[in-house]
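Each chain, written out:
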Amino acid sequence: MARLVLQHKLPSLSLLPPSSLSDFHGTRSMTTSFQYKRKVWQPKGGLRVTALSAKKILIMGGTRFIGVFLSRLLVKEGHQVTLFTRGKAPITQQLPAESDTEYADFSSKILHLKGDRKDYNFVKASLSAEGFDVVYDINGREAEEVEPILDALPKLEQYIYCSSAGVYLKSDLLPHFETDAVDPKSRHKGKLETESLLESRDVNYTSIRPVYIYGPLNYNPVEEWFFHRLKAGRPIPIPNSGIQITQLGHVKDLATAFIKVLGNEKASKQVFNISGDKYVTFDGLAKACAKAAGFPEPEIIHYNPKDFDFGKKKAFPFRDQHFFASVDKAKSVLGWKPEFDLVEGLADSYNLDFGRGTFRKEADFFTDDMILGKSLVLT
C-alpha cells in the first residue's frame, strides 16, 4: 500500500478533503496524508477497466454529473484526484447505490482546488505549483479557458476533453462520424475551437464527443422531462411526426470511455463519439421511459411547433431533427462497449434518482397546456 504525503504552500489555495472546505488566506502550510490501495473495477458485463500506473489527475469541474462517476472510477484505479471548482456545490455526494463505507473511502481521497477557472492568473499560479500529469476538462466551453491550463502544465502527459457531438454540421447523411464536417457557427463552437487549440499546441489530447447524456444526477432535463409527465399521468407532447431519430448514452458508459482513453497511445490526438449502441425515435423514447419506470404506455400528442409562440420556454428537450453518431471508432480502437441498453439505462436512472423523489427541476407543464389546449393538433 503506497502512502502519499502532500504539502502545499500557496496563497489563496484550497486543496482539501471535502470535510474541510474553508479558504486559506495568506501563506500557510498544510500536510494531508492519504493511503491508496490499488483496485480494479469490474462493471456488469465483465469489462475490465484498468490503468497502467497511478497518475496525479486534475478534473476541471467534477461535482455535478459526469465527473461524479468519473472521479469514482479514477479513485478506484488508485489515482490521486483533485477537483477544480468554485466551491459552491459540495465536493462529494453519496450515491443512492453506494454504501457508507464506499462513500467514506472515496470522499477521503478526493482533493479540492477552489477557484474560478476564468481567473487565469490564479489558474496558472495554482496549477503550475501543484503540477498534474493528466487533466480531465469536463466543463470547458471556450478555448481561452484552456490556454492558461496548458501554459501552467508544460509537461502535461495528456489533456482529455469533454466536447460534444453538437459540433457536427447538420447533414442528411447520418450517423455522424468523427471525420464529418463540423459547424464553426454551432452553439458548441467554443468546444470546436478548443479542439483546434489542443491540436495547434501539439498537446497529447483526446476529445470525447457525447451525443445526449442521461443517467442518475442528470442536470439536463432529458429523461426527467418524460418522467415528470409519466408520473403525472399526462400525455406526452412531441413535435411534428415523432419519428425523428436521436441517440442517448448513459453517463456511466461515458465515464468508462474517459477511463479507456487514459494513457492509451491509440487515443493520442484522437476524437471519439460516445453514446449508446442503438438509435431511437422521439416516440420510441417516450415509450422506453414508460417501460423503464413501470408506467403504462403513454398517450402521445404530436403538434406543429410553428403553431405556437412559447416565448423563452422550451417545449421539448431535444433538437427537432435527426441527430445521432457512430460509436464504431471507440469500440474498435478503444475496446469500449456500452454497458447499458436504452431501457435498462433509463431504469437505472429512474431507480437511482427520479424514482426516489429526487430531480433537478420541478415539473413545468405550461407549454404542454398550450399544446393540449389548442384545437388543431397533428394526428
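Every chain is numbered independently, its residues counted from 1 as its sequence is written. Selection of residues for local features in this predicted model requires a pLDDT of at least 70, selection of side-chain atom pairs for listing and counting requires 80 or more, and totals for whole chains, interfaces and linings are taken over all residues. To get the side-chain values, all heavy atoms of the structure are used, and hydrogens and water are removed first.

## Digging into the overall build of the protein
Part 1: For helices the rule is a DSSP run of H or I covering at least 4 residues; for strands it is a run of E covering at least 2, with both sets numbered from the N terminus onward. Tallying secondary structure elements over the protein gives 11 helices and 15 strands in all.
Part 2: When the accessible area of the protein is evaluated, it comes to approximately 17,700 Å², of which 50% is carbon and sulfur surface. All accessible-area figures derive from a Shrake-Rupley calculation using a 1.4 Å probe, and residue coverage is judged against the displayed protein chains alone.

## Quick word on the confidence of the model for the protein
One rule of thumb: low pLDDT means the predicted coordinates there are not for detailed reading.
Part 1: Each residue carries a pLDDT value, the predictor's own confidence for that position, ranging from 0 to 100. The pLDDT averaged across the protein works out to 88; a share of 85% of its residues lies at or above 70.
Part 2: A contact between two residues is defined here by any heavy atoms of the two lying within 4.5 Å. Contacts of residues 1-51 to residues separated by more than four positions or lying in other chains number 125 contacts, the stretch itself having pLDDT below 50.

## Looking at the pairing of strand β4 (residues 80-85)
Part 1: The classification of residues rests on relative accessible area computed with a 1.4 Å probe and restricted to protein chains. Under 20% of the type maximum is buried, over 50% is exposed, and intermediate values are partly exposed. Burial analysis of β4 places 6 of its 6 residues in the buried class, which makes it a mostly covered element.
Part 2: The alternating pattern of β4 places Gln-80, Thr-82 and Phe-84 and Val-81, Leu-83 and Thr-85 on opposite faces, both of which are buried.
Part 3: Two elements, strand β3 (residues 56-60) and β4, share 5 bridges in a ladder whose sense is parallel. Residue pairing for β4: Leu-58 is matched across the bridge by Thr-82.
Part 4: When the strands point away from the viewer, a crossover counts as right-handed if the route from the first strand across the helix to the second turns clockwise. The β-α-β motif built from β3, the intervening helix α1 (residues 66-76) and the parallel element β4 has right-handed crossover chirality. Here a strand pair is declared whenever DSSP counts at least two bridges between the two strands.

## Thoughts on the sheet that holds strand β5 (residues 110-114)
Part 1: Here we have 7 strands laid out as an open sheet, ordered β5-β4-β3-β6-β7-β8-β13, and parallel in their pairing. Since the sheet does not close on itself, it has two edges, and those belong to β5 and β13 (270-274), each with one partner. On average, each strand axis in the sheet is inclined to that of its neighbour by 20°, with strand direction left out of account.
Part 2: Sitting on the sheet, helix α5 (residues 189-200) touches β7 (158-162) and β8 (205-210), and the angle it makes with β7 is about 165°. Simply put, an axis is a line fit to the C-alpha atoms, just over the touching stretch for a helix, and the angle between two N-to-C directions goes from 0 to 180 degrees.

## Description of the side chain of His-228
Part 1: By the element assignment, His-228 lies in helix α6 (residues 223-231).
Part 2: Excluding residues that lie within four positions of it along the chain, His-228 makes contacts with Phe-354, Phe-359, Lys-361, Glu-362, Ala-363 and Phe-365.

## Focus on the packing of aromatic side chains
Part 1: Within 6.5 Å between ring centres, the rings of Phe, Tyr and Trp (the latter by its six-membered ring) count as paired, and their orientation is classed by plane angle as stacked under 30 degrees, edge-to-face over 60, tilted in between. Counted by the stated rule, this structure contains 21 aromatic pairs.
Part 2: Ring geometry for Phe-226 versus Phe-318: centroids 6.3 Å apart, planes at 45°, classification tilted. Pair noted here: Phe-226 is in helix α6 and Phe-318 is in the loop between β15 (300-303) and α9 (328-334), with a separation of 92 residues, a long-range link.
Part 3: With 5.0 Å between their ring centres and 75° between their planes, Phe-227 and Tyr-350 make a pair best called edge-to-face.

## Focus: the pattern of salt bridges
Part 1: Put simply, a salt bridge is a Lys or Arg side-chain nitrogen that is within 4 Å of an Asp or Glu carboxyl oxygen. Taken as a whole and judged by the stated rule, the model has 17 salt bridges.
Part 2: Residue Lys-269 is joined to Asp-202 by a salt bridge in which the shortest nitrogen-to-oxygen separation is 2.3 Å. Of this pair, Lys-269 sits in the loop between α7 (251-261) and β13 while Asp-202 sits in the loop between α5 and β8, placing them 67 residues apart in sequence.
Part 3: With relative accessibility at 32%, the residue Lys-269 sits in the partly exposed group.
Part 4: On the accessibility criterion, Asp-202 (55% relative accessible area) is exposed.
Part 5: Residue Asp-364 pairs with Lys-313 through a salt bridge whose shortest N-O separation is 2.6 Å. Placement of the pair is Asp-364 in the loop between α10 (342-352) and α11 (366-373) and Lys-313 in the loop between β15 and α9, with a sequence separation of 51 residues.
Part 6: The class of Asp-364 is partly exposed, set by a relative accessible area of 36%.
Part 7: A single network of salt bridges, built from pairs that share partners, joins Arg-117, Lys-118, Asp-137 and Glu-145.

## Thoughts on helix α3 (residues 120-130)
Part 1: Looking only at α3, the buried set comprises Phe-122, Val-123, Ser-126, Leu-127 and Glu-130. Along α3, the residues classed as buried sweep out an arc of 105° about the axis, all on the same side. Taking the helix axis as origin, the arc is that swept by the directions to the C-beta atoms.

## Overview of the nonpolar core
Part 1: Counting residues in each nonpolar core, the largest one holds 39 residues, and the members touching the most others are Ile-59, Ile-66, Phe-69, Leu-70, Leu-74, Tyr-136 and Phe-258.
Part 2: Those elements that place two or more of their residues in this core are β3, α1, β4, β6 (134-137), β7, α7, β13 and α9.
Part 3: For Leu-70, the contacting residues outside a window of four places in its chain are Ile-59, Tyr-136, Ile-138, Ala-255, Phe-258 and Ile-259.
Part 4: Ranked by size, the runner-up nonpolar core spans 36 residues in total, among them Tyr-168, Ala-286, Phe-308 and Phe-323. Nine residue types can take part in a nonpolar core, namely buried Ala, Val, Leu, Ile, Met, Phe, Trp, Tyr and Cys, and a core is a set of them joined through side-chain atoms within 4.5 Å.

## So, the packing of helix α8 (residues 282-293) against α10
Part 1: At a minimum axis separation of 8 Å, α8 and α10 run at an interaxial angle of 55°. In terms of axis orientation, α8 runs oblique to α10. Where α8 crosses over α10, the two elements pack in a sense that is right-handed. Counting all contacts with α8, which are made through Leu-285, Ala-288, Cys-289, Lys-291, Ala-292 and Ala-293, the residues of α10 involved are Leu-342, Val-343, Leu-346, Ala-347 and Tyr-350.
Part 2: Each residue is assigned to one of three groups, with Ala, Val, Leu, Ile, Met, Phe, Trp, Tyr, Cys and Pro labelled nonpolar, Asp, Glu, Lys and Arg labelled charged, and all others, Gly among them, labelled polar. The residue inventory of the contact of α8 with α10, partitioned by class, reads 10 nonpolar, no polar and 1 charged. Oblique is the label for any angle not under 35 degrees, not over 145, and not in the 65 to 115 range, which are roughly parallel, roughly antiparallel and roughly perpendicular in turn. Handedness of a crossing is defined here by the sense of rotation of the near helix relative to the far one, left-handed for an anticlockwise turn of less than a right angle and right-handed for a clockwise turn.

## Observations concerning α10
Part 1: By the burial criterion, the buried members of α10 are Gly-345, Leu-346, Ala-347, Asp-348, Ser-349, Tyr-350 and Leu-352.
Part 2: Those residues of α10 that are buried are in contact with β9 (212-214), α6, β12 (248-250), α7 and α8.
Part 3: Residues adjacent in sequence count toward polar contacts only when both atoms are side-chain atoms; beyond that, a polar contact is any pair of N or O atoms within 3.5 Å, and within protein one must be able to donate a hydrogen and the other to accept it. Its side-chain oxygen at 3.4 Å from the backbone nitrogen of Val-343, Asp-341 defines the N-terminal cap of α10.

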